[in-house]
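# Architecture and fold: a report
The lines below spell out each chain.
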Amino acid sequence: MSNQPLHPVAIAPSLLAADFARLADECADVARGGADFLHVDVMDGHFVPNLTLGAPIVASLAKAASLPLDCHLMVEEPDHLLEDFAKAGAKWLSVHVEACRHLHRTIQRIRALGMRPGVALNPHTPFAAIEPILPDVDFVLVMSVNPGFGGQTFIPHTLEKVRAIDAWRRNHASALAIQIDGGMTTATIGQARQAGVDWFVAGSAVFGQADRGAAIADLRRAAG
Ligand code: DX5
Ligand code: ZN
């Protein structure tokens, strides 16, 4: 790689692939296994064709789990939920550029509520759609599958956006983190790291394995 990585590798297992009847145990398992964050997928059945969980479950998770909660809101116009997620204990909160009519205001509110704001973008959304908001966010979540479901196949062209975001942050001396979400496995994580990703969400590649600690170690090794 021509540029040295800006941040160490962070692994965020996505609870979407966990056993929802045993969430506290599943969180403890990946914490023991060396995860850095817990990724919580919040889906509204409208922005994406699936429903998952909301702030009450996040509040219980925050009490039970030792890892910081990284909540990914796949929710149309999420402003009415932001305070609930702050009170529930979310530390990092991403919203979709495609779902927010007044993205700048939404991002400012997330920060004012004491959370670290991130902007997420779908595979088909161009870099230009998020460029104006980059000075105001702490991380970008690049969707490398179409959001809504776990276990889908990685879309390689999304790495072109990762390269554009990495170039932007280097040009602007920004500490912005780049998160990737969808289809991360030991076969795909290396190319994502090479493109500039710091923070890797992995659902099935962690919770789909019997030994979560080994799965996380394998992903770290493959990231290089
Ligand atoms: C998809 C979610 C992802 C999902 C990733 O909409 O945002 O976080 O859980 O699952 P895998 O890692 O199985 O592709
Ligand atoms: Zn996600």
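Let me begin by describing the structure that accompanies this report. Quick caveat: nothing in here was measured; it's all calculated off a predicted structure.

Scoring rules and cut-offs
Residues numbered from 1 in each chain as written. Chains lettered and ligands numbered in written order. Predicted model: local features only at pLDDT ≥ 70, side-chain atom pairs only at ≥ 80, totals over all residues. Heavy atoms only, no water. Helix = DSSP H or I, 4+ residues; strand = E, 2+ residues; numbered from the N terminus. Buried < 20%, exposed > 50% of the residue type's maximum accessible area, 1.4 Å probe, protein only. Contact = heavy atoms within 4.5 Å. Pairing = 2+ DSSP bridges. Axes fitted to C-alpha atoms, helices over the stretch in contact; angles between N-to-C directions. Donors = N, O, S within 2.8 Å, 3.2 Å for Na, K, Ca; no water. Arc of directions from axis to C-beta. Near = heavy atom within 4 Å. Polar contact = N/O pair within 3.5 Å; in protein donor to acceptor, adjacent residues only side chain to side chain. Areas by Shrake-Rupley, 256 points an atom, 1.4 Å probe, with all protein chains shown as cover. Nonpolar A, V, L, I, M, F, W, Y, C, P; charged D, E, K, R; others polar.

## Some thoughts on unusual backbone geometry
The backbone phi angle of glutamate 77 is positive, close to 45°, even though this residue is not glycine. Secondary-structure assignment places glutamate 77 in the loop between β3 (69-74) and α3 (82-88). For glutamate 77, a relative accessible area of 30% translates into the label partly exposed. Of note, alanine 173 is a non-glycine position whose phi angle comes to about 50°, a positive value. Mapped onto the elements, alanine 173 comes out in the loop between α5 (158-171) and β7 (177-181).

## Quick look at the environment of alanine 192
Mapped onto the elements, alanine 192 comes out in helix α6 (residues 189-195). For alanine 192, a relative accessible area of 0% puts it in the buried group. In the structure, alanine 192 is positioned twelve residues away from isoleucine 180 in sequence and 7.8 Å away in space, judged by C-alpha atoms. If sequence neighbours within four positions are ignored, alanine 192 has contacts with Leu159, Ile180, Met184, Val197 and Phe200.

## Looking at the sheet that holds strand β2 (residues 38-43)
Strand order in the open sheet formed by eight strands is β1-β8-β7-β6-β5-β4-β3-β2, and the pairing between neighbours is parallel. Of all the strands in the sheet, the pair left with one neighbour each is β1 (10-13) and β2. Each strand of the sheet is rotated relative to its neighbour by a mean of 25°, with strand direction disregarded. Its contacts with the sheet put helix α2 (residues 55-64) on β2 and β3, and the angle it makes with β3 is roughly 165°.

## Structural notes on the coordination of the zinc ion (ligand 2)
With distances of 2.0 to 2.3 Å, the protein atoms coordinating the zinc ion (ligand 2) are His39 (NE2), Asp41 (OD), His72 (ND1) and Asp181 (OD). For the zinc ion (ligand 2), all donor residues lie on one chain, and their spacing in sequence is H-x1-D-x30-H-x108-D. With histidine 72 in strand β3 and aspartate 181 in strand β7, the pair connects residues that are 109 residues apart, well separated along the chain.

## Here we look at helix α1 (residues 23-32)
Buried residues of α1: Leu23, Glu26, Cys27 and Val30, and no others. End-on view of α1: buried residues confined to an arc of 100°, all on one side of the axis. Its buried side turned inward, α1 meets β1, β2, α2, α7 (204-207) and α8 (212-223). Glycine 34 occupies a position one or two residues after α1 and carries a positive phi of about 100°.

## Some details on the site of ligand 1
Around ligand 1, the structure places 20 residues, and the nearest of them are Asp41, Gly148, Asp181, Gly203 and Ser204. Here an oxygen atom of ligand 1 and a side-chain polar atom of histidine 72 are 3.3 Å apart. In the model, an oxygen atom of ligand 1 is placed 2.8 Å from a nitrogen or oxygen of the glycine 148 main chain. Considering ligand 1 on its own, with 380 Å² of exposed area, one finds that the protein chains cover 99% of that surface. If you list the elements that add at least two residues to the shell around ligand 1, you get β2, β3 and β8 (199-202). Sorting elements by how many residues they give to the shell around ligand 1 places β2 first, with three residues. Broken down by class, the residue content of the shell around ligand 1 amounts to eight nonpolar, ten polar and two charged.

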